[in-house]
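# Overview (structure and organization)
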Amino acid sequence: NKKGFIFDLDGVIVDTAKYHFLAWQKLAKSIGIDFSHEQNEQLKGVSRVKSLEKILTWGNKTISEDKFNALMASKNDDYLSFIAKMNHNEILPDVPKVLNYLKEQDQPISLGSASKNARQILEKVDLLKQFDAIVDGNDVSKAKPDPEVFLVAAKALNIKPEECIVFEDSVAGVQAANTANMISIGIGEQNVLHEADYVFSDFTEIDTAFIDKLIKR
Ligand code: BG6
Ligand code: MG
């Protein structure tokens, strides 16, 4: 019995939101916009382009297309300078335990991330080889909550969408999984991720009995 296990990256496997925050805050400051942690929360799961659009809207600013592209590029350079210093210690608690258990059970595993930096991050934390497929922001044209990224991941694993299980920390990602007809597992707060089929605060709360139940479902 094989299911497709699809993992979001940012906020599920690693906590990169703190690096996105620093890079977005620097960008916002450079154009005279304040940027808060609360606003950063709202950018979870949101694509790079959409994130900058939101920041400009919050700051009531319009800029030229050239400036927009230049800001996107320098934000990513700053972000990558943080990524460059990452190592396996930044993997969130018990993520390797769950990945290893799924491997032992011979279950197909894919990444399903909006990030265009996903491969680099997985490589830095030494998790690249745990994935049978990697689907990220370079492979899709429609951002979460559109289900495209997860549907492409299901296809890459050769598993029907209804037989897939998605781990997600963002509201948009949970919605994308639900729209794709997959089981959604929220990683974070119940009150934020209430649309998910199950919610856990982190992987330390997920035991093998629960995973066995998902596999047998
Ligand atoms: C998502 C993050 O996983 O990827 C967002 O939650 C981020 O915060 C998006 O904007 C795009 O990532 P990147 O690495 O391509 O800028
Ligand atoms: Mg995420």
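Residues numbered from 1 in each chain as written. Chains lettered and ligands numbered in written order. Predicted model: local features only at pLDDT ≥ 70, side-chain atom pairs only at ≥ 80, totals over all residues. Heavy atoms only, no water.

## Observations concerning the pattern of salt bridges
This model, assessed by the stated rule, comprises 11 salt bridges. Between D8 and K144 there is a salt bridge; the shortest N-O distance is 3.1 Å. Taken together, the positions of D8 in the loop between β1 (4-7) and α1 (17-30) and K144 in the loop between β3 (133-135) and α7 (148-157) put the pair 136 residues apart, joining distant regions of the chain. For D132, the salt bridge is made with K103, and the minimal N-O distance between the two is 4.0 Å. Of this pair, D132 sits in the loop between α6 (118-124) and β3 while K103 sits in helix α5 (residues 95-104), and the two are 29 residues apart along the sequence. Taking relative accessible area as the criterion, D132 reaches 48% and is therefore assigned partly exposed. One salt-bridge network, held together by shared partners, links D8, K144 and E168. (Salt bridge = Lys/Arg side-chain N within 4 Å of Asp/Glu carboxyl O. Helix = DSSP H or I, 4+ residues; strand = E, 2+ residues; numbered from the N terminus. Buried < 20%, exposed > 50% of the residue type's maximum accessible area, 1.4 Å probe, protein only.)

## Comments concerning the side chain of Q130
With respect to the secondary-structure elements, Q130 resides in the loop between α6 and β3. In this structure, Q130 is in contact with L99, N100, K103 and I109, ignoring residues within four places of it in sequence. (Contact = heavy atoms within 4.5 Å.)

## Brief notes about helix α3 (residues 48-58)
Every buried residue belonging to α3 is among S51, L52, I55 and L56, and all of these are buried. Along the axis of α3, the buried positions cluster into a sector of 135°, meaning they face one direction only. In this fold, the buried residues of α3 make contact with α1 and α4 (65-83). Backbone geometry just after α3 places N60 at a positive phi near 60°. (Arc of directions from axis to C-beta.)

## Observations regarding the layout of surface pockets
Of the voids in this model, the largest pocket is the one considered here, and its volume is about 580 Å³. Together, 32 residues line the largest pocket, and V46, S47, R48, A114 and S115 are the ones closest to its centre. Of all the elements in the fold, those that place two or more residues in the lining of the largest pocket are α1, α3 and α4. Across the lining of the largest pocket, the residue classes tally to 10 nonpolar, 13 polar and nine charged. (1 Å grid on protein atoms, 1.4 Å probe; cavity = no way out; pocket = protein on both sides within 12 Å on 5 of 7 lines; lining within 4 Å. Points joined across faces, edges and corners; volume = space filled by probe spheres on them. Nonpolar A, V, L, I, M, F, W, Y, C, P; charged D, E, K, R; others polar.)

## Let's talk about the sheet that holds strand β2 (residues 109-112)
Read from one edge of the open sheet, six strands run β3-β2-β1-β4-β5-β6, paired in parallel fashion. Of all strands in the sheet, those with a lone pairing partner are β3 and β6 (198-200), marking the two edges. Strand after strand, the sheet turns through a mean of 20° between neighbouring axes, direction not considered. Direction of pairing for strand β5 (residues 183-187) relative to β6: parallel, over a ladder of three bridges. In the sheet register, I187 faces β6, and the bridge partner there is F200. In this fold helix α8 (residues 171-179) packs onto β4 (164-168) and β5, with an angle of close to 170° to the strand it touches most, β5. (Pairing = 2+ DSSP bridges. Axes fitted to C-alpha atoms, helices over the stretch in contact; angles between N-to-C directions.)

## A word on the coordination of the magnesium ion (ligand 2)
The reference angle at a metal is 109.5 degrees if four donors form a tetrahedron and 90 or 180 degrees if six donors form an octahedron. On the protein side, the magnesium ion (ligand 2) has D8 (OD), D10 (O) and D169 (OD) as donor atoms, found 2.0 to 2.1 Å from it. Going along the chain, you hit the donors of the magnesium ion (ligand 2) in the pattern D-x1-D-x158-D. In this pair, D10 sits in the loop between β1 and α1 while D169 sits in the loop between β4 and α8, placing the two residues 159 residues apart along the sequence. As far as burial versus exposure is concerned, D10 and D169 are alike and both buried. (Donors = N, O, S within 2.8 Å, 3.2 Å for Na, K, Ca; no water.)

## What about the pairing of β2?
The alternating pattern of β2 places I109 and L111 and S110 and G112 on opposite faces, both of which are buried. Strand direction decides the pairing type here: β1 and β2, joined by three bridges, are parallel. Paired with I6 across the strands is S110, a residue of β2. Here three bridges tie β2 to β3, and the two strands are oriented parallel to one another. If you follow S110 over to β3, its bridge partner there is A133. Handedness of the crossover joining β2 and β3 through α6: right-handed. (Right-handed = clockwise from strand over helix to strand, strands pointing away.)

## A closer look at the nonpolar core
Judged by nonpolar contacts, the single largest core of 38 residues is most densely connected at F7, I13, F131, F167, I185 and F203. Those residues in contact with I185, other than ones at most four positions away along the chain, are I165, V166, F167, E168, A196, Y198, F200, F210 and L214. Counting 16 residues, the second largest nonpolar core, distinct from the first, contains A133, V140, V149 and A154. (Core = buried A, V, L, I, M, F, W, Y, C linked by side-chain atoms within 4.5 Å.)

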